[in-house]
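Letter by letter, the chains look like this.
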Amino acid sequence: MVLMRERIHTFIKYKDLLRELVVRDLKLKYRRSFLGYLWSILNPLLIMIVMTVVFSHMFRAGIENFPVYLLAGQAVFDFIRNSTTMAMYSVLDNAALIKKIYVPKYIFTLSRITSTMVDFVFSLGALLLVMIVTRTPFSPHMLATPVLVIQVYIFACGMGFFLSAANVFFRDMQYIYGAFMVAWQYLTPLFYPLEMLPGWLQSIVTLVNPAYYYVEHFRDLVLYGHFPSAQVFWGGWIFAFIMLAFGLFVFKKAQDKFILYF
Amino acid sequence: MEQDYVVDIDNLTIRFNLASEKVSDLKEYFVKLIKRELMFQEFLALQDVTLKVKRGESWGLIGVNGSGKSTLLKAACGILKPYKGTIDIRGNIAPLIELGAGFDYNMTARENIFLNGTVLGHSRKFMQEHFEEIVEFAELQQFLDVPIKNFSSGMQARLGFAIATMVQPDILVVDEILSVGDYQFQQKCYGRMQEMLDGGTTLLYVSHDIESVKHLCDHAIWLEKGHVRKSGPVQEVCDEYMQVNR
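Only a predicted model underlies this, so the values are computations on that prediction, with no experimental measurement involved.

A word on unusual backbone geometry
Despite not being glycine, Asp-48 of chain B shows a phi value in the positive range, around 55°. Its relative accessible area of 52% is what places Asp-48 of chain B among the exposed residues.

Printed below as a string of structure tokens:
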């Protein structure tokens, strides 16, 4: 109980640092580029256009409103990918600082995930734009999007904690994760309909792929205009908290040894 | 009696990782892998070090390069965790281990004041209140919105020192940082440190400049290869140190 209170106290003490780090990430990302933050919207838009041209003919039968289907899925998946990849380097990138000053190390991981989340929210501008162009009806269910964002945020934190700690001890992690990410992306129905997968693979994906839950959740809200099924909704929470518990456990066990392996 | 110590370090042993990158052939690779030495080779940077400092005392840490002075400071700051022994610190620490650790060289001086201040655990509001004071001490009024990668090392050091010493800490930890910067600024820094000492701050000070140790400190601890060789009043320890290392 005392320990818990101390931890919360420490977090409150360093919450302004978290804020400064997030602001820094966002400021430096587009500093000296002419279009600046517009890139957060332009980038997904450009990728969406390419993918739509390439894939919409292949899967024409399966998917209505392909641009929105694709962009919604891609946005959520990119959030997961970018935040966890950024988080993986968060401890190593700040090694010089951690060696010189005492700072709670999880702040760095948290800041990376948070700045990617802000970026994700910007990128939703692209989605809104495409929805207007394709005359997709706006449903009030879209207002529940923050719940999904929180789910993914918690999930990404857990994963980020695990990856950033693991990467200190095994630098191989970066390469393994790169390959893992490719497999994960193709096993998430982003640009194809789930039904295209063979039956056994379908049941595996719908059972153990957390990205499927979050992508599906988001599409239900913005594209299909209804709340997600109970399985998708509660499954998303369960994945998020299991991942968080696992990530925190690994990080906490490892953090005092970080400095020996920089 | 116990309550008097602000820094209470007892039988401290600190472990380091010396894993060398040199693996000459495949056989050695597997030998090391099995002996678990590939990623970790133990080295004890400090062994059985005891240091008890009372409030208001100032201690100089002396010894040749690699004797463990900086390691002891880092342990006191909580950066390194003890392998054996205990560290007990009462009060807040201002670490001056490397000026401007935590600076982002792509950001401006103004942004870095807030970044570095929050790294040291201050709140944003607190930094706003002390902003003027920092700028004034660092004498950087005209360069506030310049990215600090364009600063000279002396300017960076000034900014770092100004941020780190803005509060009156209970314990000030200084590791040979004043070698950069011009004479005038060094005097200014010594002045501020002296001010803090007069105000009751406890000092832990590492320097190879024995004269400055004698000047600032009243006690000294002499480390040799991770062991305490001698500790006590500054004059006594420094004299013996100078005799041995002449």
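A few points about the sheet that holds strand β2 (residues 42–54) of chain B
Residue and element names in this part refer to chain B. Pairing is antiparallel across the open sheet formed by three strands, whose spatial order is β2-β1-β4. Among the strands making up the open sheet, the edge pair consists of β2 and β4 (84–89). Neighbour-to-neighbour, the strand axes of the sheet open up by a mean angle of 20°, direction not taken into account. When strand β1 (residues 5–17) meets β4, the two strands line up antiparallel, connected through five bridges. Opposite Val-7, over in β4, you have Ile-89 as the bridge partner. In this fold helix α2 (residues 69–77) packs onto β1, β2 and β4, with an angle of close to 115° to the strand it touches most, β1.

Some remarks on the packing of helix α4 (residues 66–88) of chain A against helix α11 (residues 210–222) of chain A
Helices that pack against each other are described as a pair by the angle of their axes relative to one another and the distance between those axes. Residues and elements named next belong to chain A. Running from amino to carboxyl end, α4 crosses α11 at an angle of 140°, the nearest separation of the two axes being 9 Å. Between α4 and α11, the angle falls in the class oblique. Between α4 and α11 lies a crossing whose hand is right-handed. Contacts between α4 and α11 involve Tyr-69, Ala-72, Gly-73, Val-76, Phe-77 and Ile-80 on the former and, on the latter, Ala-211, Tyr-214, Val-215, Phe-218, Arg-219 and Val-222. Here the residues of the contact of α4 with α11 are counted per class, giving ten nonpolar, one polar and one charged.

Re the pattern of salt bridges
Scanning the entire structure with this criterion turns up 19 salt bridges over all chains. When the shortest N-O distance is used, the salt bridge between Glu-111 of chain B and Lys-27 of chain A registers 2.8 Å. In this pair, Glu-111 of chain B sits in helix α3 (residues 109–119) while Lys-27 of chain A sits in helix α2 (residues 15–29), so the two residues belong to two different chains. When the shortest N-O distance is used, the salt bridge between Arg-229 of chain B and Glu-224 of chain B registers 2.9 Å. Judged by its relative accessible area of 32%, Glu-224 of chain B falls in the partly exposed class. Ionic contacts of the salt-bridge type, sharing partners, join the residues Lys-27 and Arg-31 of chain A together with Glu-111 of chain B into one network.

How each quantity is defined
Residues numbered from 1 in each chain as written. Chains lettered and ligands numbered in written order. Predicted model: local features only at pLDDT ≥ 70, side-chain atom pairs only at ≥ 80, totals over all residues. Heavy atoms only, no water. Buried < 20%, exposed > 50% of the residue type's maximum accessible area, 1.4 Å probe, protein only. Pairing = 2+ DSSP bridges. Helix = DSSP H or I, 4+ residues; strand = E, 2+ residues; numbered from the N terminus. Axes fitted to C-alpha atoms, helices over the stretch in contact; angles between N-to-C directions. Contact = heavy atoms within 4.5 Å. Parallel < 35°, antiparallel > 145°, perpendicular 65-115°, else oblique. Left-handed = near helix turned anticlockwise from the far one by under 90°. Nonpolar A, V, L, I, M, F, W, Y, C, P; charged D, E, K, R; others polar. Salt bridge = Lys/Arg side-chain N within 4 Å of Asp/Glu carboxyl O.

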